[in-house]
Amino acid sequence: MTQAAMAGQLAFSDSLVQRVAKLQGIEMSLLDTIRFDLPLMPGIELLCSVLKANDWKLAIASGGFTLFAEQLRKPLQLDEIVANELAFDGTALNGKVIGRIIDAKAKQETLCELAARYDIPSTQTVAIGDGANDLMMMAEAQLGVAIHGKEKVVYEADAAICHGSLLQLVYFLSAP
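In what follows, the accompanying structure is described. All figures in this text were calculated on a predicted structure; none of them were measured in a lab.

About the cut-offs
- Position numbers for residues start from 1 in each chain and track the written sequence from start to end.
- Whole-chain, interface and lining totals are the exception, using all residues; otherwise, since this is a predicted model, local features are given only for residues with pLDDT of at least 70 and side-chain atom pairs are given and counted only at 80 or more.
- Heavy atoms from the whole structure form the basis of all side-chain values; hydrogens and water molecules are not counted.
- Here a strand is any run of E in DSSP of at least two residues, a helix any run of H or I of at least four, and the numbering for each starts at the N terminus.
- For the radius of gyration, the atom set is restricted to C-alpha positions; the globular benchmark scales as 2.2 Å times the number of residues to the power 0.38.
- In what follows, a contact means two residues having at least one pair of non-hydrogen atoms within 4.5 Å.
- To measure how exposed things are, a 1.4 Å probe is used in the Shrake-Rupley method; for residues, cover is taken only from the protein chains shown.
- For the charge count, each Lys or Arg is scored as positive and each Asp or Glu as negative, with His and the chain ends excluded.
- We put the charge of a Lys on NZ, of an Arg on CZ, of an Asp on CG and of a Glu on CD.
- Side-chain atoms within 4.5 Å are what join buried Ala, Val, Leu, Ile, Met, Phe, Trp, Tyr and Cys residues into a set we call a nonpolar core.
- Residue exposure (1.4 Å probe, protein chains only): buried if accessible area is under 20% of the type maximum, exposed if over 50%, otherwise partly exposed.
- Any two strands with at least two DSSP bridges between them are considered paired.
- Only the stretch in contact is used when fitting a helix axis, every axis being a line fitted to C-alpha atoms; angles between N-to-C directions are given from 0 to 180 degrees.
- A pair is scored as a salt bridge if a Lys or Arg side-chain nitrogen falls within 4 Å of a carboxyl oxygen belonging to Asp or Glu.

What to know about the overall build of the protein chain
Counting secondary structure elements, the protein chain contains 10 helices and 6 strands. A compact globule built from 176 residues would reach a C-alpha radius of gyration of about 16 Å, and the protein chain, at 16 Å, matches this within 12%. For the protein chain, the share of sequence-separated contacts (at least 6 apart) that also reach a separation of at least 24 residues comes to 46%. Of the accessible surface of the protein chain, which amounts to about 9,800 Å², a share of 54% is contributed by carbon and sulfur atoms. Side chains of the protein chain carry 14 positive and 21 negative charges; the gap between the two charge centres is 2 Å.

So, in structure tokens, the structure goes:
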């Protein structure tokens, strides 16, 4: 289901609701084990450090969950996090998402809203992603970069990093 949604073969919102429903009853303690040990893509911490040193605003607009995205705020020096909110019944998931689902349209709108809030011209925006639900956001940005993306995303992106570290993004940002 996840692969089909990321490849653009299934509506993201529908797949998210179906996937979250299957998680009903999962204990918070299990989620804690996962969220406190999230793997990071090679180069992401150094990339974010370089960008922050140059006064960039950094945000995640994720089809994932705030529970996990919040763990990335400090190590990646993120200014904003927009992700889906899981609902809990006491100490376990109840199989529902709270509020707006962060799909392709929400990601695109987030890019525009954050650029306006931080007074960043649209010509100075960059969006990176790997799945079909990132394409609208990437098209909205001045530079849309596929990072280890699905075939469709690599094809439609302005640029793509298909092998190696995310630090390669610095090349795209410093090229004349």
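Digging into unusual backbone geometry
One non-glycine residue, Asp-55, adopts positive backbone phi at about 65°. In this structure, Asp-55 sits in the loop between helix 4 (44-53) and strand 1 (59-65). In this structure, Gln-77 is a non-glycine residue whose phi angle is positive, near 60°. Its place among the elements puts Gln-77 in the loop between helix 6 (73-76) and strand 2 (80-89).

Let's talk about the nonpolar core
Grouped together as the largest cluster of nonpolar side chains are 19 residues, with contacts concentrated most on Ile-44, Leu-47, Leu-76, Leu-78 and Val-145. Contributions of two or more residues to this core are made by helix 4, strand 2, strand 5 (143-147) and strand 6 (159-161). When residues in this core are grouped by element, the largest group, 4 residues, is from helix 4. Every residue in contact with Val-145, bar those within four places of it in the chain, is listed here: Ala-127, Ile-128, Gly-129, Met-138, Ala-157, Ala-159, Ala-160, Ile-161, Leu-169 and Phe-172. In this structure, Ala-61, Leu-111, Ala-141 and Ala-157 belong to the second largest nonpolar core, which totals 11 residues.

A closer look at the environment of Lys-74
Tracing the sequence through the fold places Lys-74 in helix 6. In this structure, the C-alpha to C-alpha distance between Lys-74 and Leu-114, residues 40 residues apart in sequence, is 19 Å.

What about the sheet that holds strand 1?
The strand order across the open sheet formed by 3 strands is 1-2-3, and the pairing between neighbours is mixed. What marks the edges here is a single partner per strand, and that holds for strand 1 and strand 3 (92-98). Each neighbouring strand pair of the sheet contributes to a mean axis angle of 35°, computed without reference to strand direction. The sheet contact formed by strand 1 and strand 2 spans 4 bridges and is parallel. Bridging across to strand 2, Ala-61 finds its partner in Val-82. Helix 7 (residues 104-117) contacts strand 1 and strand 2 of the sheet and is inclined by roughly 155° relative to strand 1.

Quick word on the pattern of salt bridges
Scanning the entire structure with this criterion turns up 8 salt bridges. A salt bridge links Arg-35 to Asp-32; its shortest N-O distance comes to 2.7 Å. Of this pair, Arg-35 and Asp-32 both sit in helix 3 (residues 28-35), 3 residues apart, which is roughly one turn of that helix. Of the charged contacts in the structure, one is a salt bridge between Lys-107 and Asp-134, with a shortest N-O distance of 2.5 Å. Of this pair, Lys-107 sits in helix 7 while Asp-134 sits in the loop between strand 4 (126-129) and helix 8 (135-140); the two residues are 27 residues apart in sequence, bridging distant segments of the chain. Here the two residues Lys-107 and Asp-134 agree in accessibility, since each one is buried. If you follow the salt bridges from partner to partner, you end up with Arg-100, Lys-105 and Glu-109 in one network.

Brief notes about the pairing of strand 2
Within a regular strand, the side chains alternate between the two sheet faces. Both strand 2 and strand 3 contribute to a ladder of 4 bridges, which runs antiparallel. Within strand 3, the position partnered with Phe-88 by the bridge is Leu-93.

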